[in-house]
Amino acid sequence: MSSPEVVVKKNFPDRGNGLVVAKDFPAHSEIFRKIPEVSVPDSDHRSQICANCFLFAADTGDRVQPGSVVKLFSCGKCRSTYYCSQECQLQDWKAYHKRECKILASLARKVPPSSVVLLMRILMMDGDQRDRFYKAMENLMSHIDDRGKMEDFPTLVLMSKGAKEYSGTKLSLDRVVEMLCTVMTNSASIPNPSYDTVGMMFDSVISLINHSCDPNAVLVFNKNVLLVRAVRPIKKGEEILITYTDNTMPMPHRKEQLRMRYFFDCQCTACFPPGLTPDPRNDFTCPECGTPFQPYPMKFHRSAQLYNDIYECSSCHYGFPNAPNVVADIEDEIARTGIADVSRIESDDMASGLVSKLKQLYKLKTIPIHRSPFIEVLANLIPYYIKQHDWNTALRFIGIEYFLQDEVRSWQPEFASIRLAHMMRFVVILLYLITTGNCSKDLEHYSIDLRECLWGLVTELERLIPRIYGENSTFEIHVREKYRKEMLKQMGPVLARIHMSSTLEQLGWYKEMDKIKTYAKDFLDQP
Ligand SMILES: C[S@@+](CC[C@H](N)C(=O)[O-])C[C@H]1O[C@@H](n2cnc3c(N)ncnc32)[C@H](O)[C@@H]1O
């Protein structure tokens, strides 16, 4: 495992400490890798994750479900911590679990939130490890004053009380609260291959990496190993910058998230001066002619005053009397339709109600389909229809997500790991449609060669995954071992041989994928 001596800590007046690289790194290269100092499985996923190496065991065991089908076993004492092997169990026992096992056992499987379990692990460190770690923590930002003003601060104090009591630490409650705030500012989630959060990690070196909405690096996990990889060339002395938010969201949403969770106003090159760089993530659409426009810059733009806050559509010259008001109107529309309220879809009625609202809002034309709240609605509808085994409808919505949302939203699309997760879901839906042969009349009408689409998507995944995750990642193994194997079985040896010697262009993949795009788009355009 390489240690991070390729990076140096440096102080920046506007953002505290950061990490700069000590040599040049080309795009797609690994800067360094590290096992985070403390990590814990997510409280809701403890039985699906090895608490030591973070191997994800698929809960369904289904053959096309991403995730290795491994049997985990639980610790015989606490029954709430799972491992994939005795070796992993022993390593975790020595490093952390021997100190927390009794506590977890006394809680009778009602494990506290991951941030509390992680804090307990820190509070129960001993000897040199503790002294070194506490010192490193003191140099990190906690934003305790900002958090003290938040509505949920009493909950943080309660969580700290719990961690103090369970761990038996002699530190004062104030100090424990401050440590929890440091954990909240500096921890990161660990995703599984489907991009669900399955764990939480804290590391005093990784914590030093600052944010940009136009990042030059990404953090990716390969089981419990964290890799810092360059997404474009980084010159010696340049700061490593990653994104802390969902980087496919428009600027105001990103700014809001950063303010709420990290307490700073992002002034990165993608955010300031606003509107300087054309950025499709921020676009609304002119209600008259459908041309994209960005109303947000008007608030800051010097020329805004000159034009008395009038924004003119560059195409049809429709005038927006006051650009920020246009945004407010749109937000009212979202509230009126109730479309953003989709935390969980529980019934077919609820799902079809949402779908009709989605179509209504789409027809208004001011909010393009790649923006919120469409993003959240789709993100909820797709898993719902997958769960219902309604593959025809699921394909329609994944088509909208893949072609109409992701292609516009993805800033640095090659590195948007969320896009990879969407592609994997696309593959799963196609595999089910092919294996069950359960295509609706409507879908048949488009004469789509679903096998061709599947072949191309898996090939694309195999090209993109090593660029993001490096060679031999668990993601790559999933795709090779599950999707490609299953796909080859479906194709049969003759067809497979032909495909292997042809390019996607020759196979007509793009043409077939366009048909899925039409299938998805027609649905939105239908009354
Ligand atoms: C994970 S820490 C990064 C290390 C931090 N700079 C330090 O000195 O401890 C996150 C905090 O760093 C600051 N930060 C990170 N990126 C920033 C940026 N682009 N502009 C301003 N502050 C930033 C914010 O205060 C944020 O809450």
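To keep things clear, this report deals only with the structure shown in the data block. Quick caveat, the model's predicted, so the values are computed rather than measured.

Considerations on the overall build of the protein chain
Scanning the protein chain for helices and strands turns up 19 helices and 16 strands. Out of the 527 residues in the protein chain, the part that is buried amounts to 37%. Nonlocal contacts in the protein chain, meaning residues at least 24 apart in sequence, comprise 67% of its contacts between residues at least 6 apart.

A short note on the packing of helix α13 (residues 417-436) against helix α15 (residues 450-469)
The contact between α13 and α15 brings their axes to 10 Å, and the two run at 155°. When the interaxial angle is binned, α13 and α15 end up roughly antiparallel. When you trace α13 past α15, the crossing you get is left-handed. Across from S417, L420, M423, M424, F426, V427, L430, L431, L433 and I434 in α13, the residues of α15 making contact are L450, R451, C453, L454, L457, V458, E460, L461, L464, I465 and I468. The class makeup of the residues in the contact of α13 with α15 is 18 nonpolar, one polar and two charged.

Considerations on the sheet that holds strand β4 (residues 38-41)
Across the sheet, which stays open at both edges, the three strands sit in the order β4-β8-β7 with antiparallel pairing between neighbours. Of all strands in the sheet, those with a lone pairing partner are β4 and β7 (188-191), marking the two edges. Ignoring which end each strand starts from, the neighbouring axes of this sheet average 30° apart. Where helix α2 (residues 114-123) meets the sheet, it contacts β4 and β8 (197-202), and its direction lies at approximately 140° from that of β4.

Re the site of the ligand
Residues in contact with the ligand amount to 20 residues; listed here are only the nearest, R15, G16, N17, N210 and Y262. Taken together, the elements giving at least two residues each to the shell around the ligand come down to β2 (16-21), α6 (173-186) and β9 (210-211). Looking at the shell around the ligand, the element that brings in the most residues is β2, giving three residues.

Let's talk about unusual backbone geometry
Residues other than glycine seldom take positive phi values, yet R79 does so here, at roughly 60°. In this structure, R79 sits in the loop between β5 (73-74) and β6 (82-83). Positive phi, close to 40°, is recorded for S447, a residue that is not glycine. Structurally, S447 is set in the loop between α14 (441-444) and α15.

Let's talk about the sheet that holds strand β11 (residues 225-230)
Strand order in the open sheet formed by three strands is β3-β11-β10, with antiparallel pairing between adjacent strands. Each end of this open sheet is capped by a strand with a single partner; those strands are β3 (30-34) and β10 (217-222). If you compare each strand with its neighbour and ignore which way they point, the axes differ by 20° on average. The pairing of β10 with β11 spans six bridges and is classified as antiparallel. Pairing of F221 across the sheet is with L226, part of β11.

Cut-offs used in this document
Residues numbered from 1 in each chain as written. Predicted model: local features only at pLDDT ≥ 70, side-chain atom pairs only at ≥ 80, totals over all residues. Helix = DSSP H or I, 4+ residues; strand = E, 2+ residues; numbered from the N terminus. Buried ≥ 20, exposed ≤ 12 C-beta atoms within 10 Å, placed from the backbone. Contact = placed C-beta atoms within 7 Å. Axes fitted to C-alpha atoms, helices over the stretch in contact; angles between N-to-C directions. Parallel < 35°, antiparallel > 145°, perpendicular 65-115°, else oblique. Left-handed = near helix turned anticlockwise from the far one by under 90°. Nonpolar A, V, L, I, M, F, W, Y, C, P; charged D, E, K, R; others polar. Pairing = 2+ DSSP bridges. Near = placed C-beta within 6 Å.

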